[in-house]
Amino acid sequence: MAHSGYQFPISDLVASVTEAMLRGSFSVESAARLADLMGRFAIFAEHGCDIGVASAVTGSVVEGFVKARSADGSVPALATMHIRRAAVRLLFAEGRRLGLVTHDPTQDIVLPPRSSLRTRALTDDEVALCRSYSIRTLTETRQPAAWALAEATARSAELARICVGNLDLQRSRVWIPGSSKTDARWGALSDWGKVQVERRLRTLRVADPGAPFVCVDAAEGVSATSSASTAIADTLRRAGLHQEADVRPASVAAWAGAKAFAEGKPVEQVALMLGIRSLDRAAAFIGFEWQVAHP
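Here we summarise the structure given alongside this text.

Analysis parameters
Residues numbered from 1 in each chain as written. Predicted model: local features only at pLDDT ≥ 70, side-chain atom pairs only at ≥ 80, totals over all residues. Heavy atoms only, no water. Pairing = 2+ DSSP bridges. Helix = DSSP H or I, 4+ residues; strand = E, 2+ residues; numbered from the N terminus. Core = buried A, V, L, I, M, F, W, Y, C linked by side-chain atoms within 4.5 Å. Buried < 20%, exposed > 50% of the residue type's maximum accessible area, 1.4 Å probe, protein only. Contact = heavy atoms within 4.5 Å. Salt bridge = Lys/Arg side-chain N within 4 Å of Asp/Glu carboxyl O.

1. Regarding the pairing of strand S2 (residues 173-176)
Inference 1: Alignment of strand S1 (residues 167-168) against S2, held across 2 bridges, turns out to be antiparallel. Bridge pairing links Leu 167 to Val 174 in S2.
Inference 2: Hairpin connection between S1 and S2: a loop of 4 residues separates the two successive antiparallel strands, and Ser 172 in this loop has a positive phi of roughly 55°.
Inference 3: Bridge count between S2 and strand S3 (residues 185-188): 4 bridges; the pairing is antiparallel. Of the residues in S3, the one forming a bridge with Val 174 is Gly 187.

In structure tokens, the structure reads:
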């Protein structure tokens, strides 16, 4: 490193993290959007708060950026504040992973929930944030693999039942066995997800197709479902999303369904993709106001 973690300039931190995002699992669009916000934060801190080094950034500085008025003087929308916070949180998360900073100035910034739903779909930026937070160390494989399967629409009860033999890496998919509330189905792995699943398999080193994939190392006395749910909840907690009342482990599967719907899949196909037997429940799960669109 050219600078110690305590004296690293904010602008250099943004440049290093942006380069790492482009090399990593982020889509070009997501990386560009987040990098733009990170750059705006660097300008805000350096020129608005006279802070040049990353170690001097405090929670109040980040909160000032998150709630800063728009160019026309208007108060930022709640969604805007959420994405600003996510961008800065990711900046420092990736910075810590790269060894450039040592703290997280966003951890105490609490915003109102995005919706009035009991469980809402995560946004693309929140998923990118959680991917980063799922990998605590270079050898960590369980939580990122669990997150990868959640992105493929597996819920906690299903995660607990997924075995090594359910994986089809040649086709980048996983057979999700279903539960009392969902039907069995194939789930698609993202490029990032496939990498995490491959890492997990190398760590497990098992030949038995019936061997548990996620919950093999569940603590004694803890049910497999609880262990799987905790694997997702821990990532949400480290990403700071556990403080939002409308975010739960199922929010990851809801993101996958909402993303597919936004890309043009009809709600009937989304319901099949999610293993949901009711179109009304599928629409509600992804936040689609079915009755408004089809009175």
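That covers the picture; the talk isn't over yet.
2. Regarding the environment of Val 195
Inference 1: Within the fold, Val 195 resides in helix H8 (residues 191-204).
Inference 2: Considered as a pair, Val 195 and Ile 162 are 33 residues apart in the sequence and their alpha carbons are 17 Å apart.

3. Some details on the nonpolar core
Inference 1: Among the nonpolar cores identified, the biggest contains 74 residues, and Phe 41, Leu 149 and Phe 213 are the most heavily contacted of them.
Inference 2: Setting aside anything within four residues of it in sequence, one finds Leu 149 in contact with Ala 154, Leu 159, Ile 162, Leu 167, Val 174, Leu 189, Val 197, Phe 213 and Val 214.
Inference 3: Judged by nonpolar contacts, the second largest core, of 14 residues, contains Ala 282, Ala 283, Phe 285 and Phe 288.

4. Topic: the pattern of salt bridges
Inference 1: Counted by the stated rule, this structure contains 16 salt bridges.
Inference 2: With a shortest N-O distance of 2.9 Å, Lys 67 and Glu 63 are connected by a salt bridge.
Inference 3: Using a relative accessible area of 33% as the deciding quantity, one classes Glu 63 as partly exposed.
Inference 4: We note a salt bridge from Arg 97 to Glu 94, for which the minimum N-O separation is 2.7 Å. Of the two residues, Arg 97 and Glu 94 are both situated in helix H4 (residues 78-97); the distance of 3 residues between them amounts to about one turn of the helix.
Inference 5: Given the relative accessible area of 47%, Arg 97 is considered partly exposed.

Purely spatial values, then, with no claim about function.
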